[in-house]
Amino acid sequence: MRVYVYEELSVLHTVDCSPTQSSAVLHAVQCSPTRSPVQSYTQSSAVLHAVQCSPTRSPVQSYTQSYTQSSAVLHTVQSYTQSRQSRGICPIGDSSPGPQLSLGLKICAFNVQSFSDSKASKPKVMHNLVRIVSRCDVCLLQEVRDAQHTAVRKLLDSLNRYDEKYHYDYVASERLGRSSAYQEQYVFVYRTGSVKVLDEYQYPDKQEGDEGAFSRPPFVVKLKAPKTVIGTFVLIPLHSSPSNATKEIDELYDVFVDVQEKWKIENVMFLGDFNAACGYVAKKNRKNIRLMTMDRFYWLIGDEVDTTVRESTSCAYDRFVVHGETFLRGVEPSSAGVYKFDKKFHLKEEEALSLSDHYPIEVDLKASAQRRSETQLSLLFITACILFLNLA
């Protein structure tokens, strides 16, 4: 069940709430991605008997007044929620900007289009980038052209100021590219409380007879996410060269084999700007891509998804691919998609393009059973306290 999450509940400082019958609360409050827990006041009477939110006044004593006060309570909570949304803090299931608390783990991949100190020096662009990255537990950044090693540090500093609830860190590849005149880095930005980097390595791209297959060889990371059902998994990024996309995507299978031999692991996700659409990967050539022909690999972003910002294009360049049914079952159904920041931030196309010509893609991993249970109890308690702010 997807539930709404409210963090930073400063309002709780004004009321003393203690659950007395948590099992009753479980039956009294229902949450869904499309309906707020307080939008149906018919449930409130059961909550009145289940929760005591004041040391001096029981909700039961106010029961006779609850019906007439229900609209005031609803208005209070709705106003509070709207205030939070205006500050960029949003519930789960909502794709608005701002830091989010996910039950499991949100993984993102974003081609930031020539991210350098020049782009990092533009306040509005950086603010929007921070709003995007702060939605993710792990975010792969591509086309990072940070020769002076300052742009990513500026981003991290801004993230940690913007979203003080979490601490962000990163791991990055060396500068990659066939030409010294144009090189990029893969950068993984992550919340240290959500994942731990267990290992990392730069794929050598020296397979005998096929050396130098990649324009930018994958920088592979092994992560542990204890709050997910998957637990430990590997991320293999790729930003392919458009002119060689078919071959590079196919070569990801060789990287996969190398990872399996090195770490003895099955849970692997490929992610990034594959350029896997439109004129770069012709349908007739898909038979030459092992990740497309072998039934062990599952593509989470379909061909019909437009991952580009320009209205004049519609191409599914950016993709997630997972290996094995175990990993597939660990993904929240229908959670893979694009984050259309231009629509969410109300940007004109020109303004959006100043950040990137790609949309970020994102997917959620399922939370572990323990994590779900703990979070549900906390949410129900918090919801009940908010519900009685005007009744206490």
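Treat the numbers as computed from the prediction; the structure is a model and nothing was measured.

1. With respect to the packing of helix 5 (residues 123-133) against helix 6 (residues 151-162)
Step number 1: Interaxial distance between helix 5 and helix 6 falls to 10 Å at its minimum, and their mutual angle equals 65°. Classified by the angle their axes make, helix 5 and helix 6 are roughly perpendicular. The handedness of the crossing between helix 5 and helix 6 is right-handed. Contacts between helix 5 and helix 6 involve Met126, His127, Leu129, Val130, Arg131 and Val133 from the former and Lys154, Leu155, Ser158, Leu159 and Tyr162 from the latter.
Step number 2: Of the residues contributing to the contact of helix 5 with helix 6, the split by class is seven nonpolar, two polar and two charged.

2. Structural notes on the environment of Tyr166
Step number 1: One can find Tyr166 in the loop between helix 6 and strand 5 (168-172).
Step number 2: The buried category is assigned to Tyr166, whose relative accessible area is 15%.
Step number 3: Through-space distance from the C-alpha of Tyr166 to that of Ser194 is 9.0 Å; in sequence the pair is 28 residues apart.

3. Thoughts on the state of the cysteines
Step number 1: All chains considered together, the criterion is met by two disulfides.
Step number 2: The residue that forms a disulfide with Cys108 is Cys136, at a sulfur-sulfur distance of 2.1 Å. Between Cys108 and Cys136 the disulfide shows an S-S torsion of about -95°. By sign, it is left-handed. Linking Cys108 in strand 3 (residues 105-115) with Cys136 in the loop between helix 5 and strand 4 (138-144), this pair joins segments that are 28 residues apart in sequence.
Step number 3: Along the chain, the cysteines engaged in disulfide bonds are linked according to the scheme 1-2, 3-4 when indexed in sequence order.
Step number 4: Lacking any disulfide linkage, Cys139 is separated from the closest cysteine sulfur, that of Cys136, by 4.4 Å.
Step number 5: Accessibility expressed as a relative area gives 1% for Cys139, which makes it buried.

4. Details of the packing of aromatic side chains
Step number 1: Under the counting rule described, the total for this entry stands at 15 aromatic pairs.
Step number 2: Centroid distance Phe256 to Phe297: 5.3 Å. Interplanar angle 80°. Geometry classified as edge-to-face. Separated by 41 residues along the polypeptide, Phe256 in helix 7 (residues 245-263) and Phe297 in strand 12 (residues 297-299) bring together distant segments of the chain.
Step number 3: The buried category is assigned to Phe297, whose relative accessible area is 6%.
Step number 4: Grouped by ring-pair contacts, the aromatic residues Phe110, Tyr339, Phe341, Phe345 and Tyr359 constitute a single cluster.
Step number 5: Above the ring of Tyr339, the side-chain terminus of Arg135 is found at 3.9 Å from the ring centroid.
Step number 6: Seen from the ring of Tyr201, Lys262 lies directly overhead, with NZ or CZ sitting 4.8 Å from the centre.

5. A short note on the nonpolar core
Step number 1: The biggest cluster of nonpolar side chains holds 54 residues, and the ones touching the most others in it are Ile107, Phe233, Leu235, Ile236, Val259, Phe270 and Phe320.
Step number 2: In terms of residue count, the dominant contributor to this core is helix 7 (eight residues).
Step number 3: If near-sequence neighbours (up to four positions away) are discounted, Phe233 is found in contact with Leu105, Ile107, Val221, Lys222, Leu223, Ala225, Ile265, Asn267, Phe327 and Leu365.
Step number 4: Core analysis: the second largest hydrophobic core is formed by 33 residues, Phe115, Val125, Cys139 and Val189 among them.

6. Considering the pattern of salt bridges
Step number 1: Taken as a whole and assessed by the stated rule, the structure comprises 17 salt bridges.
Step number 2: For Asp117, the salt bridge goes to Lys154, with nearest N and O atoms at 2.9 Å. With Asp117 in helix 4 (residues 117-120) and Lys154 in helix 6, this residue pair connects regions lying 37 residues apart in the sequence.
Step number 3: With a shortest N-O distance of 3.1 Å, Arg290 and Asp254 are connected by a salt bridge. Taken together, the positions of Arg290 in helix 8 (residues 290-293) and Asp254 in helix 7 put the pair 36 residues apart, joining distant regions of the chain.
Step number 4: Sharing partners across several salt bridges, the network here consists of Lys106, Arg135, Glu362 and Asp364.

7. Considering the side chain of Ser240
Step number 1: Of note, Ser240 is situated in the loop between strand 10 (231-237) and helix 7.
Step number 2: Ignoring anything within four residues of it in the chain, the contact list for Ser240 reads Arg216, Ala245, Glu248, Asp273, Phe274 and Asn275.

8. Notes on the sheet that holds strand 9 (residues 219-225)
Step number 1: Pairing is mixed across the open sheet formed by six strands, whose spatial order is 8-9-10-11-13-12. This sheet does not close on itself; its edge strands, each paired only once, are strand 8 (196-202) and strand 12. Across the sheet, the axes of successive neighbouring strands diverge by a mean angle of 20°, strand direction being ignored.
Step number 2: As paired elements, strand 11 (residues 268-273) and strand 13 (residues 318-323) share five bridges and run antiparallel to each other. In the strand pairing of strand 13, Phe270 is matched with Val321.
Step number 3: Against the sheet, helix 7 engages strand 8, strand 9, strand 10, strand 11, strand 12 and strand 13, with an angle of about 120° to strand 8.

9. Details of the environment of Phe345
Step number 1: Here Phe345 shows up in the loop between helix 10 (341-344) and helix 11 (349-353).
Step number 2: For the pair Phe345 and Arg131, spaced 214 residues apart in the sequence, the C-alpha separation amounts to 9.5 Å.

10. Here we look at the side chain of His239
Step number 1: Here His239 lies in the loop between strand 10 and helix 7.
Step number 2: Since its relative accessible area comes to 5%, His239 is described here as buried.
Step number 3: Apart from the residues within four sequence positions on either side, His239 is in contact with Asn111, Gln142, Glu143, Glu184, Tyr186, Arg216, Glu248, Asp273 and Asn275.

Rules and cut-offs
Residues numbered from 1 in each chain as written. Predicted model: local features only at pLDDT ≥ 70, side-chain atom pairs only at ≥ 80, totals over all residues. Heavy atoms only, no water. Axes fitted to C-alpha atoms, helices over the stretch in contact; angles between N-to-C directions. Helix = DSSP H or I, 4+ residues; strand = E, 2+ residues; numbered from the N terminus. Parallel < 35°, antiparallel > 145°, perpendicular 65-115°, else oblique. Left-handed = near helix turned anticlockwise from the far one by under 90°. Contact = heavy atoms within 4.5 Å. Nonpolar A, V, L, I, M, F, W, Y, C, P; charged D, E, K, R; others polar. Buried < 20%, exposed > 50% of the residue type's maximum accessible area, 1.4 Å probe, protein only. Disulfide = S-S within 2.5 Å. Phe/Tyr/Trp six-rings, centres within 6.5 Å; stacked < 30°, edge-to-face > 60°. Lys NZ or Arg CZ within 6 Å of the ring centre and 35° of its normal. Core = buried A, V, L, I, M, F, W, Y, C linked by side-chain atoms within 4.5 Å. Salt bridge = Lys/Arg side-chain N within 4 Å of Asp/Glu carboxyl O. Pairing = 2+ DSSP bridges.

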